[in-house]
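Next come the chains, spelled out residue by residue.
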Amino acid sequence: MQTNISSLVPAVALMAMGLAGWNADAKELQIIGHPEKVMPRKAMQVRFNADGTVTPLSDWFYFEDSSRGGEPGIASSSLNLFDSFENDGNNCIVGGTPTGGTACGLPGGGYRWFFGRSYCNMFTVGSFTATSTTSGDRLEVAWYWYCTGSGAEECFVGVFTGDPFDSTCAANYVLGMGVILGFGSLPCDSGDYFYTDACLCDFGMALDMFTSTYATIGGVLAKAFDGETLTPATCGQFMLWGADGCCGGGLAGTHGDLEYDDDYPPDGKHTPFDECYSTNFECPDPMHWMVGVGTCDPEVCADHGCGASVNCRFKSMKCRITPPHNKLILKGTGTADRTLCVRDGAGAYVGCAQVGADGKWKFVQRKVAPGAHVRDVCGSVRTAECGG
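The structure presented is a predicted model; accordingly, all values stated were derived computationally and were not measured.

A separate point is the state of the cysteines. Structurally, a disulfide amounts to a covalent bond that connects the sulfur atoms of two cysteines. The final tally for this structure, using the stated rule, is four disulfides. Covalently, Cys104 is tied to Cys283 through a disulfide, its sulfur atoms 2.2 Å apart. Judged by the sign of its S-S torsion, about -70°, the cystine formed by Cys104 and Cys283 is left-handed. Within this pair, whereas Cys104 is found in the loop between strand E6 (82-83) and strand E7 (112-114), its partner Cys283 is found in the loop between strand E18 (276-278) and strand E19 (288-289), the two being separated by 179 residues in sequence. Accessibility assignment for this pair places Cys104 and Cys283 in one class, buried. Between the sulfur atoms of Cys169 and its disulfide mate Cys276 the distance is 2.0 Å. Between Cys169 and Cys276, the disulfide has an S-S torsion of -65° and is therefore left-handed. Pair noted here: Cys169 is in the loop between strand E10 (152-162) and strand E11 (177-187) and Cys276 is in strand E18, with a separation of 107 residues, a long-range link. Across this residue pair, the class does not change: Cys169 and Cys276 are buried.

What follows is the structure in structure tokens.
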């Protein structure tokens, strides 16, 4: 039986601050590093309904569809509308990697908080205030994908916004417009956390932004989507960071310290009191589920900044196909500052890397399918024969 995501729950009093009421065995704050980038294969604009279903507002758009501009477009270098993600400033087509963790005393810049590998919270809602009401068409999200603990599971990530947020723990918040990203099958419990950087402007999709104090932003991790119902994943959780507080200051927007987590029990809805928590307990204080929204440059997004000539020479292509890693290493030369992109053996977009000022280029990616294709965003194609 599929479970609808629903926020229709009665009002209750505000829970006490801190960790009171949490299941300590299942929800123990821990750190994890080694973020691994995964890119969506497709995206759809949707509306979140009061009964927990969603209504499609577009068809699926495929990131590998050259008729729609091919790869994701180039976005601004920052998540300038709301940011509880904190990236390294790279644009969207290269991908902004999580950074800043050392400011909180963590072992490295990409380290983040989560509640242990087997903690399950597939539906989370927090507050946010954006820097402007400009629609956001760049989206970064990070999550841990436990699912069955082994093997793999189809992954859909939904992000929705609305106004207002409910700070009384009554779960009477509003979620409206959103997007669903489809990633295909992802490995369970890989030991790393996943993140994505998706520029949606090629497809005319965006998230509504609000400057009220506070609006609502929610995330769903699902294993199936039938066009109406998001079926929650077997197990997973969004990573944790923050926009302000002791070490996250300077990031775009603000948020409060209350968050709704579907974990007691994980049943597709938020139960008053039992599933309303304070995040005032660790740097960055307060925390928020890990999401960032920015704006694209429409002119650059439309043509990817392609010039009249392309010079792409790949001097070495090395593939190590040893399951489950399937590590792909590509090295080459090309036009300085040109962006080169990689597809997997099924033709799906994998990721990109930028040619340096010295004309050298290197791309490294794990868990790719054999037979990766290499091309720059202007259409030059070369193939790396990686075997079966």
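Now that the structure is up, let's keep going.
Judged by nonpolar contacts, the single largest core of 38 residues is most densely connected at Leu139, Val141, Trp143, Trp145, Val157 and Val159. Sorting the residues of this core by element identifies strand E9 (138-144), E10, E11, strand E12 (194-199), strand E13 (215-225) and strand E20 (291-294) as the ones contributing at least two each. The element contributing the most residues to this core is E11, with four residues. Residues in contact with Leu139, not counting those within four places in the same chain, are Val159, Val179, Leu181, Thr196, Asp197, Ala198, Leu207, Val291, Gly292 and Val293.

Right, let's talk about the pairing of E11 for a bit. Of all the 11 residues making up E11, eight are buried; the element is thus mostly covered by neighbouring parts of the structure. Of the strand pairs in this sheet, strand E3 (residues 42-48) and E11 are connected by six bridges, and their pairing is antiparallel. Within E11, the position partnered with Val46 by the bridge is Gly178. Where E10 meets E11, nine bridges bridge the pair, whose relative direction is antiparallel.

Right, let's get into the pairing of E12. Of all the six residues making up E12, six are buried; the element is thus mostly covered by neighbouring parts of the structure. Both faces of E12 are covered, namely the face carrying Phe194, Thr196 and Ala198 and the face carrying Tyr195, Asp197 and Cys199. The pairing of E9 with E12 spans six bridges and is antiparallel. Across the sheet, the residue bridging to Trp143 is Phe194, located in E12.

This part covers unusual backbone geometry. Cis peptide bonds are those with omega within 30 degrees of zero, and the linkage from Thr213 to Tyr214 qualifies with -5°. Structurally, Tyr214 can be placed in the loop between E12 and E13. Looking along the chain, the bond that leaves Cys283 and enters Pro284 is cis, with omega of 0°. Structurally, the position occupied by Pro284 is in the loop between E18 and E19. Although it is not a glycine, His34 sits at a positive phi angle of roughly 55°. Within the secondary structure layout, His34 lies in the loop between strand E1 (30-32) and strand E2 (36-37). Backbone geometry places Cys169, a non-glycine residue, at a positive phi of 65°. Among the residues examined, Cys169 registers a relative accessible area of 0% and is labelled buried.

In this structure the tally under the stated criterion is one cavity of 30 Å³ or more. Within this model, the largest cavity holds a volume of roughly 50 Å³. Lining the largest cavity are Phe115, Tyr119, Asn121, Thr124, Gln237, Phe238, Leu240, Glu259, Asp261 and Trp289. Of all elements in the fold, only strand E15 (237-238) and strand E17 (258-261) reach the threshold of two or more residues within the lining of the largest cavity. Along the lines of polarity and charge, the residues of the lining of the largest cavity split into five nonpolar, three polar and two charged.

Looking now at the pattern of salt bridges. Applying the stated criterion to the full structure yields five salt bridges. Between Arg117 and Asp189 there is a salt bridge whose closest N-O contact spans 2.7 Å. Taken together, the residues Arg117 in the loop between E7 and strand E8 (123-128) and Asp189 in the loop between E11 and E12 connect sequence positions 72 residues apart. We classify Arg117 as partly exposed; its relative accessible area is 48%. Close ionic contact of Asp197 with Arg138 constitutes a salt bridge, the shortest N to O distance being 2.5 Å. One end of the pair, Asp197, is in strand E12; the other, Arg138, is in strand E9, with 59 residues separating them in the sequence. A single network of salt bridges, built from pairs that share partners, joins Lys27, Asp261 and Asp263.

Calculation criteria
- Residues numbered from 1 in each chain as written.
- Predicted model: local features only at pLDDT ≥ 70, side-chain atom pairs only at ≥ 80, totals over all residues.
- Heavy atoms only, no water.
- Disulfide = S-S within 2.5 Å.
- Helix = DSSP H or I, 4+ residues; strand = E, 2+ residues; numbered from the N terminus.
- Buried < 20%, exposed > 50% of the residue type's maximum accessible area, 1.4 Å probe, protein only.
- Core = buried A, V, L, I, M, F, W, Y, C linked by side-chain atoms within 4.5 Å.
- Contact = heavy atoms within 4.5 Å.
- Pairing = 2+ DSSP bridges.
- 1 Å grid on protein atoms, 1.4 Å probe; cavity = no way out; pocket = protein on both sides within 12 Å on 5 of 7 lines; lining within 4 Å.
- Points joined across faces, edges and corners; volume = space filled by probe spheres on them.
- Nonpolar A, V, L, I, M, F, W, Y, C, P; charged D, E, K, R; others polar.
- Salt bridge = Lys/Arg side-chain N within 4 Å of Asp/Glu carboxyl O.

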